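Breakdown of the fold
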Amino acid sequence: MQTDGTLALNDYRALGTPLAWPEAKTKAAQVRTWGIEQLLMIWSRARSKERDALLWGDEVEYLVVALDDEHQKVRLSLRQADILLALAEDEELQANGGCVPDLQNISREYKLPIFHPEFGRFMLESTPGKPWGIGFKDLLKVEPDMRLRRVIAKDHMNANEYPITLTTFPRLGTKDDFICPYYPPSGDKLRSQFVPDEIANPHIRFPTLAANIRSRRGRKVEINVPIFKDKNTAIPWKDPTVDYDLHNWPEDDDVRNGAAKDNFVYMDAMAFGMGSCCLQITFQAKNIREGRTLYDQLSPLGPILLALTAATPIYKGFLVDTDVRWNQISRAVDDRTAEELGEKPLIEDRWRIPKSRYASNSTYIAQDPRLRKEYLDPELVIDEDVKQKLMDGGMDDLLATHFAHLFIRDPIVIFEEDLKTLDLTKTDHFENLQSTNWQHMRFKPPPPNNDIGWRVEFRSMEIQITDFENAAFSVFIVLITRAILSYDLNFYIPVTRTTENMETAHNRDAVLQDKFYFRKDPFPKMERKMDGVSPDTSSPIPASRPSTPSGPIEDEYELMTIDEIVNGKSGGFPGLIPLVENYLNSVNIDIETRCELARYLELIRKRASGEFWTAARWMRHFVRTHSAYNLDSVVPEQICYDLVKAAEKITSEQGKCFGVGREMFKSTKAR
């Protein structure tokens, strides 16, 4: 029998009976306790696990848009389930192993790209069919594979639908029909003024997550993004889309109680955050020590890559005065109560918690003599009982502290059927908390019953418009990991400085206008035969770990521009690109491969210097120079349509732009 695609996908992924927050709250301690038991079992089983080679993979997320060329409108298409079903039912794809694991058994003998559902019914996620190896030839396969994924996805959409890689849809949450099919705003789960419940993936996990975050918090999520103040923007500016007279739900009182701020674009639902697209890279380390090293050393790079990939200058039909998505997602899933936020005295809750569960890292975890206690967060909130239990189970202080910090959170989505028996061969209770701590780095233990190793996920980057750019940033991060491990590089700075850097990365044109805290000297402090460190000299691999450093930590880092961090500073930090190039000089690599990699490094180098624009800068310029723009911060339907059409054209040209979007790929003086 032919079934509706949404129903089929929903039925296939059914997990059980989700608990509404009042009941879930009474079971939270049980889930945490069982999660710790599962973590200790993982620790016991996998702490000595070894792998021969580093593997890695990328995750690319798409918005599915429907273009109406006759009326010059663009809408988000809510046909995620139908598209995934079409992919799963494609006989040719089935014959080659399949590509939708949520709907079919996938054969790993083949290398078809994999497609997954995401939070928004207008989103798709894609990954390579098999992990990439560290070989240089594999690095050159990434871009063609990303192109293939987009082609396969497009082939299973309607003729007027396209998979585009913009971070957010510019008019998500406006008062017009920005989705198709159209549903009016509001609904029991999100209770939003601006978006309907139907915008979220119908699988019960997603609406339950949204509803329980709202319920635990005691009000709707509150997202305020500063408006971009243009020539004709009224000041004070009040969001004209907010309805102060709405009385559908008790939470409609939020705006009457001050949730919508003057001079800010106001949003009130999880969809405004989790409906964003990003580029994520996961590395499998050869062992836990290497994984912990990568987690620590990549952490300070998170804000730098966030600023370099900035691509989010528009929210809800308005130009905003920030360039990236991170804080909007953070606020969209912020389940902290008034007590945990410090708005009320602690009575029912245990801690004041300074960050959302979607936030920058707060811990370092490597057993590295260079890790000074001064780098750690002095106000880190942890569950001391959890830490002690982990240490009693044999876990060291640093890693026990890391997990004890993650476990201060409540599990948000709990299924009744999962509470009957603790199964130590699974990780469901551990992952319930681990996977809903969305930090910019994630340390991932091996799952049970397979040969996957210890992994580290790099999560801060914004999705880019073209597959060329997404491949470039993916390859760049991989090459940085190789340089880190080969040269034993040290990027440690106080973790609180990384938090500050994440905030700085949100600033408009942060790549050009701001400075970031970064370590001055990344090399080990030991005797070595070396003629100095510069972009023109190779760095030797140190023979052993250096001793614990001493002296004021403030002397170890300073404020630098993105250009200085990426391309180097005369007499100071050598630069990430020169470090990567030095690494490439030290290994056996053929000329053709080196030239191909040079294309990617050129993009990063010139993006950092300002010669190439970020997508955020280009989009803002596109809007402000459009004939329909009135210099009032409003991005009307006509501009949105033209912007999406331009993005699709840029995608088809893959960075070889001689017209629209050329500023992102051809040298231009920073304006």
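Above this text sits the structure in question.
Computed from a prediction, not measured in an experiment: that's the story for all the values here.

The next point concerns the overall build of the protein chain. When helices and strands are counted, the protein chain shows 23 helices and 17 strands. Here the C-alpha atoms of the protein chain give a radius of gyration of 24 Å, agreeing with the 26 Å that 2.2 N^0.38 yields for 671 residues. Based on the C-alpha atoms only, the size of the protein chain along its principal axes is roughly 70 × 60 × 60 Å. Across the 671 residues in the protein chain, those meeting the buried criterion constitute 61%. Accessible surface, the protein chain: about 25800 Å² in total, of which carbon and sulfur atoms supply 48%. Each charge sign in the protein chain was given a centre, from 86 positive and 102 negative side chains, and these centres are 3 Å apart.

It is worth spelling out the packing of aromatic side chains at this point. Applying the stated criterion across every chain yields a total of 21 aromatic pairs. Arranged with centres 5.4 Å apart and planes meeting at 50 degrees, the rings of Trp618 and Phe622 form a pair that is tilted. In this pair, Trp618 and Phe622 both sit in helix H22 (residues 615–624), 4 residues apart, roughly one turn of the helix. Accessibility expressed as a relative area gives 3% for Trp618, which makes it buried. Following the ring pairs from residue to residue traces out a cluster consisting of Phe194, Tyr266 and Phe272. Looking at Lys154, its charged tip hangs above the ring of Tyr162, at a distance of 4.1 Å from the centre.

With that settled, consider helix H14 (residues 397–406). Every α-helix winds through 3.6 residues per turn, so residues three or four apart in the chain are directed the same way. Of all 10 residues making up H14, 9 are buried, and the element is well covered by its neighbours. Every buried residue of H14 is accounted for by Leu398, Leu399, Ala400, Thr401, His402, Phe403, Ala404, His405 and Leu406. Tucked inside the fold, the buried residues of H14 contact helix H2 (21–46), helix H10 (288–298), helix H13 (384–392), helix H15 (428–434), strand E13 (438–439) and strand E14 (441–444). The backbone nitrogen of Leu398 lies 3.3 Å from a side-chain oxygen of the residue at the head of H14, namely Asp396.

Our next topic: the packing of helix H16 (residues 467–487) against helix H20 (residues 576–586). Where H16 contacts H20, the axes come no closer than 9 Å and their chain directions differ by 70 degrees. The angle between the axes of H16 and H20 places the two elements in the roughly perpendicular class. When H16 is examined against H20, the residues Phe476, Leu479, Ile480, Arg482, Ala483, Ser486 and Tyr487 are found in contact with a partner set consisting of Leu576, Ile577, Leu579, Val580, Asn582, Tyr583, Leu584 and Ser586. Looking at the contact of H16 with H20 residue by residue, the classes come out as 11 nonpolar, 3 polar and 1 charged.

Here the focus is the environment of Asp68. Inspection of the secondary structure puts Asp68 in strand E1 (residues 55–68). Expressed as a C-alpha distance, the spacing of Asp68 and Ala404, which sit 336 residues apart in the sequence, is 51 Å. In contact with Asp68, not counting residues within four places along its chain, are Lys73, Arg75 and Tyr641.

In this structure the tally under the stated criterion is 7 cavities of 30 Å³ or more. Taken as a whole, the largest cavity spans an internal volume of roughly 90 Å³. Lining the largest cavity are 15 residues, and of these Asp509, Val511, Leu512, Thr614 and Arg617 sit closest to its centre. Looking at the lining of the largest cavity element by element, the count peaks at 3 residues for helix H18 (residues 510–513).

Basis of the calculations
- Residues numbered from 1 in each chain as written.
- Predicted model: local features only at pLDDT ≥ 70, side-chain atom pairs only at ≥ 80, totals over all residues.
- Heavy atoms only, no water.
- Helix = DSSP H or I, 4+ residues; strand = E, 2+ residues; numbered from the N terminus.
- Rg over C-alpha atoms; globule rule 2.2 N^0.38 Å.
- Buried < 20%, exposed > 50% of the residue type's maximum accessible area, 1.4 Å probe, protein only.
- Areas by Shrake-Rupley, 256 points an atom, 1.4 Å probe, with all protein chains shown as cover.
- Lys, Arg positive; Asp, Glu negative; His and termini not counted.
- Charge placed at Lys NZ, Arg CZ, Asp CG, Glu CD.
- Phe/Tyr/Trp six-rings, centres within 6.5 Å; stacked < 30°, edge-to-face > 60°.
- Lys NZ or Arg CZ within 6 Å of the ring centre and 35° of its normal.
- Contact = heavy atoms within 4.5 Å.
- Polar contact = N/O pair within 3.5 Å; in protein donor to acceptor, adjacent residues only side chain to side chain.
- Axes fitted to C-alpha atoms, helices over the stretch in contact; angles between N-to-C directions.
- Parallel < 35°, antiparallel > 145°, perpendicular 65-115°, else oblique.
- Nonpolar A, V, L, I, M, F, W, Y, C, P; charged D, E, K, R; others polar.
- 1 Å grid on protein atoms, 1.4 Å probe; cavity = no way out; pocket = protein on both sides within 12 Å on 5 of 7 lines; lining within 4 Å.
- Points joined across faces, edges and corners; volume = space filled by probe spheres on them.

Nothing here speaks to function; it is geometry throughout.
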